[in-house]
Amino acid sequence: MATAKTFRVLPGFGLTLGYTLVYLSLIVLIPLAAVFIKATSLSFADFWQTVTDPQVVSSYRVTFLTSLAAAAINVIFGLLLAWSLVRYEFWGKRVVDALIDLPFALPTAVAGITLSALYAKNGWIGSLLAPLGIKVAFTPLGILVALTFIGLPFVVRTIQPVLQELSLEFEEAATTLGANRWQASRYVVLPALLPAIITGFTLAFARAVGEYGSVVFIAGNIPMVSEITPLLIITRLEQFDVAGATAIAVVMLVVSFILLLVINVLQHWASSQGSRLKEGKAA
Amino acid sequence: MSAADTIKVYHSAERYEKNPATREPRWVKYTILSMALGFFGLFLLLPLFAVFTEALRKGFSVYVAAITHPDTLSAIRLTLLASFIALPLNIVFGVAAAWCISKFNFRGKQLLITLIDLPFSVSPVVAGLMYVLVFGIHGWFGSWLADHGIKVIFAVPSIILATTFVTFPFVARELIPLMEAQGTDAEEAAISLGATGWQTFWHVTLPNIKWGLLYGAILCNARAMGEFGAVSVVSGHLRGQTTTLPLHVEILYNEYQFAAAFAVASLLALLALVTLALKLYAERHLS
């Protein structure tokens, strides 16, 4: 077989690839490189001191733990929602299905002020929790609420199509072999969904780590308690400490790139697993 | 999340509820449903209602006053301007990128796709910082720009740049899987029948991808108008000059003008609802 290069029938390859590369470089690659180049103006000792400052380390912990917890909550309820949308008929299903994407469409600042109004101690939910001694707004719990809100569609929209496409034959076979409903779900359906569940978890987690808009309003931003890492970058910039902001940004970028790599591998795994178990392909 | 992944083919759930192998006892169904819908109500529905309730809390006249205030109007203008520039730029890019990636084979294609997705992985705050490092006073072009009296950071150009960055992948990542699935047969036929490249694109490719293009453009627009973090870093928050709608919401909120903040926020919430409706409409045509 001749290579595509020899028999390129369609025109426009050079033009479109060239334009893509130039535009990509101008908008994305060169500005990203600026972060790493700026960071090299710091000595390693200064860099290390900035990124291991106790306040910064505490912000990593807050960001990481709340993102992890939010992604875990989303896996549980995202799975239940995906299951309900695929497996059950109920009134209002289409509306629920459409509104799952609300966190993608609603600007994060709007989510932020709304959630803090709801969970403040005089808010609809906050006033119910206050007598129980639970404070949500302006504590790390508030960050958790905001990150749960923005992460939900990632989990539902990763699991839902896989569940939709999953062949019924597996559960039928399990039932024929004597499995009850719980066993068939636990030992047949759940393993088939596992790649999608893990991918959804990682997508929600990755989004949560970088999130800013929905969090700043509800977090209270108390140093060492409820400050997230992106906020510290802004604080450094406001203090004209551009080098400090850049050093923290480098740490965030490295984490993002690692997560992107993990997500790419997971999605590859999920799609190969998914196509193996699809309707009509079950052997 | 591309449309190709999320297209919902509406088989009714009846095939599960009627099949003895997948039928579940009623109590199981209602327990799972109530947990799922309870969570949905608490985390999605309630905030949506709260935006509008808070916006109208002080009455309709306060609401109207807030959204017709000159600062709000100028924020609306800037938001529209940023989106009207970022959107066409990213549409042209998305079509060009999808054309070379889906219709041709070349080395490094997978890497290119990953690089196109990169802006989704970068925290919006870091995105804003990048442009400060390039165009800010102490940045690469800072002194040159200052000498020539051009303001980029804390001015409109950087808001447009930051908006373009955060919405960069939307159109491309919708079109790439769609055009890859469609292959090259139709285009090759057109070319061999004597059509020019431009005619082929306009009359053969575009009609096939228009719903995917619309889908990507809708998501791109929603994000462009709603972006907060990246724009916040580069805007300088000059009231009535460099504040977009989400930044204006923040300013009002921080000044304890809650009803006004929620009134402006309700405009963005309406935009979100329109976005979801249009997205549903595009999805129907895609499947």
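Residues numbered from 1 in each chain as written. Chains lettered and ligands numbered in written order. Predicted model: local features only at pLDDT ≥ 70, side-chain atom pairs only at ≥ 80, totals over all residues. Heavy atoms only, no water.

Caption draft 1: Region of the structure containing the overall build of chain A. On a plain count of helices and strands, chain A comes out with 13 helices and 0 strands. Helices and strands appear in chain A in the N-to-C order α-α-α-α-α-α-α-α-α-α-α-α-α. Projecting the C-alpha coordinates of chain A onto the three principal axes gives extents of approximately 70 × 65 × 35 Å. Taken over 283 residues, chain A has a buried fraction of 54%. For chain A, restricting intrachain contacts to residue pairs at least 6 apart in sequence, the fraction spanning at least 24 positions comes to 77%. Counting every atom, chain A has about 12300 Å² of accessible surface; 71% of that belongs to carbon and sulfur. Between the centroid of the 17 positive side chains of chain A and the centroid of its 14 negative side chains there is a distance of 3 Å. (Helix = DSSP H or I, 4+ residues; strand = E, 2+ residues; numbered from the N terminus. Buried < 20%, exposed > 50% of the residue type's maximum accessible area, 1.4 Å probe, protein only. Contact = heavy atoms within 4.5 Å. Areas by Shrake-Rupley, 256 points an atom, 1.4 Å probe, with all protein chains shown as cover. Lys, Arg positive; Asp, Glu negative; His and termini not counted. Charge placed at Lys NZ, Arg CZ, Asp CG, Glu CD.)

Caption draft 2: Looking closely at the domain arrangement of chain A. Residue and element names in this part refer to chain A. Domain parsing of chain A yields domain 1 (11-40) and domain 2 (43-282). Each of domain 1 and domain 2 was reduced to a C-alpha centroid, and the two centroids are 30 Å apart. Across the contact, 5 residues belong to domain 1 and 7 residues belong to domain 2. Together, the buried faces of domain 1 and domain 2 total about 550 Å²; carbon and sulfur atoms form 92% of this surface. The three residues of domain 1 that bury the most area against domain 2 are Val35, Phe36 and Lys38, which together make up 65% of that side's buried surface. (Domains from an automatic or database assignment. Buried area = accessible area lost by both parts, 1.4 Å probe.)

Caption draft 3: Spatial organisation of the interface of chain B and chain A. Each partner contributes residues to the interface: chain B has 100 residues there, and chain A has 99 residues. The contact between chain B and chain A buries some 8800 Å² in all, and 78% of this surface belongs to carbon and sulfur atoms. The interface formed by chain B and chain A includes 2 salt bridges. One salt bridge connects Lys279 of chain B with Asp101 of chain A, and the closest N-O pair in it is separated by 2.5 Å. The interface formed by chain B and chain A holds 17 residue pairs in polar contact (both at pLDDT 80 or more) in total. With 20 residues, helix 3 (residues 26-55) of chain B is the largest single contributor of residues to the side of chain B that touches chain A. Tallied by class, residues from the side of chain B that touches chain A come to 67 nonpolar, 17 polar and 16 charged. (Salt bridge = Lys/Arg side-chain N within 4 Å of Asp/Glu carboxyl O. Polar contact = N/O pair within 3.5 Å; in protein donor to acceptor, adjacent residues only side chain to side chain. Nonpolar A, V, L, I, M, F, W, Y, C, P; charged D, E, K, R; others polar.)

Caption draft 4: Highlighting the packing of aromatic side chains. In total, this model carries 26 aromatic pairs over all chains according to the counting rule given. Ring geometry for Tyr131 of chain B versus Phe165 of chain B: centroids 6.3 Å apart, planes at 80°, classification edge-to-face. One end of the pair, Tyr131 of chain B, is in helix 7 (residues 124-135); the other, Phe165 of chain B, is in helix 9 (residues 156-166), with 34 residues separating them in the sequence. Grouped by ring-pair contacts, the aromatic residues Tyr212 and Phe217 of chain A together with Phe228, Tyr253, Tyr256 and Phe258 of chain B constitute a single cluster. The cationic tip of Arg87 of chain A hangs over the ring face of Trp83 of chain A; the distance from NZ or CZ to the ring centre is 4.8 Å. (Phe/Tyr/Trp six-rings, centres within 6.5 Å; stacked < 30°, edge-to-face > 60°. Lys NZ or Arg CZ within 6 Å of the ring centre and 35° of its normal.)

Caption draft 5: Expanded view of the domain arrangement of chain B. When cut into domains, chain B gives domain 1 (1-55) and domain 2 (58-285). Centre-to-centre, using C-alpha coordinates, domain 1 of chain B lies 30 Å away from domain 2 of chain B.

Caption draft 6: How the structure looks around the environment of Val132 of chain B. Residue and element names in this part refer to chain B. Within the secondary structure, Val132 sits in helix 7. On the accessibility criterion, Val132 (14% relative accessible area) is buried. It is 8.5 Å that separates the C-alpha atoms of Val132 and Ser158, two residues lying 26 residues apart in sequence.

Caption draft 7: Summary view of the state of the cysteines. All names here are of chain B. All chains considered together, the criterion is met by 0 disulfides over all chains. The structure places no disulfide on Cys220, whose sulfur is separated from the nearest cysteine sulfur, that of Cys100, by 18 Å. A relative accessible area of 0% places Cys220 in the buried class. (Disulfide = S-S within 2.5 Å.)

Caption draft 8: Seen up close, the confidence of the model for chain B. In this model, chain B carries a mean pLDDT of 92, and residues with pLDDT of at least 70 account for 96%. At the level of chain-chain contacts, confidence expressed as ipTM amounts to 0.91, with global pTM at 0.92. (pLDDT = per-residue confidence, 0-100.)

Caption draft 9: Seen up close, a nonpolar patch on the surface. The grouping of Val22, Leu26, Ile30 and Ile37 of chain A together with Trp140 and Phe141 of chain B at the surface amounts to a nonpolar patch, some 560 Å² of accessible area in total. Its place among the elements puts Ile30 of chain A in helix 1 (residues 13-39). For Ile30 of chain A, a relative accessible area of 40% puts it in the partly exposed group. (Patch = residues over 30% accessible without salt bridge, like charges linked within 9 Å, V, L, I, M, F, W, Y side chains within 5 Å.)

Caption draft 10: Seen up close, the pattern of salt bridges. Tallied over the entire structure, the rule returns 18 salt bridges over all chains. Taking the shortest distance from any N to any O, the salt bridge between Arg87 of chain A and Glu171 of chain A comes out at 2.8 Å. With Arg87 of chain A in helix 3 (residues 54-87) and Glu171 of chain A in helix 9 (residues 169-176), the pair connects residues that are 84 residues apart, well separated along the chain. Accessibility expressed as a relative area gives 2% for Arg87 of chain A, which makes it buried. Given a relative accessible area of 0%, Glu171 of chain A falls into the buried group. Among the charged side chains, a salt-bridge network with shared partners connects Asp97, Asp101 and Arg157 of chain A together with Lys279 and Glu283 of chain B.

Caption draft 11: Region of the structure containing the packing of helix 3 of chain A against helix 3 of chain B. Remark: helix 3 of chain A packs on helix 3 of chain B, axes separated minimally by 9 Å, with the N-to-C direction vectors making an angle of 120°. Classed by the angle they form, the pair helix 3 of chain A and helix 3 of chain B counts as oblique. In terms of crossing hand, the pair formed by helix 3 of chain A and helix 3 of chain B is left-handed. On the side of helix 3 of chain A, the interface is formed by Ile73, Asn74, Phe77, Leu80, Leu81, Trp83 and Ser84 of chain A, while helix 3 of chain B contributes Ile32, Leu33, Met35, Ala36, Phe39 and Phe40 of chain B. Looking at the contact of helix 3 of chain A with helix 3 of chain B residue by residue, the class counts come to 11 nonpolar, 2 polar and no charged. (Axes fitted to C-alpha atoms, helices over the stretch in contact; angles between N-to-C directions. Parallel < 35°, antiparallel > 145°, perpendicular 65-115°, else oblique. Left-handed = near helix turned anticlockwise from the far one by under 90°.)

Caption draft 12: The arrangement of the nonpolar core in detail. In this structure, Leu81, Tyr119 and Ile233 of chain A together with Phe165 of chain B are the most contacted members of the largest nonpolar core, which totals 181 residues. The dominant element in this core, judged by the number of residues it contributes, is helix 8 (residues 140-165) of chain A, at 13 residues. With near-sequence residues (within four places) excluded, Phe165 of chain B lies in contact with Ile27 and Val28 of chain A together with Pro119, Val122, Ala127, Met130 and Tyr131 of chain B. (Core = buried A, V, L, I, M, F, W, Y, C linked by side-chain atoms within 4.5 Å.)

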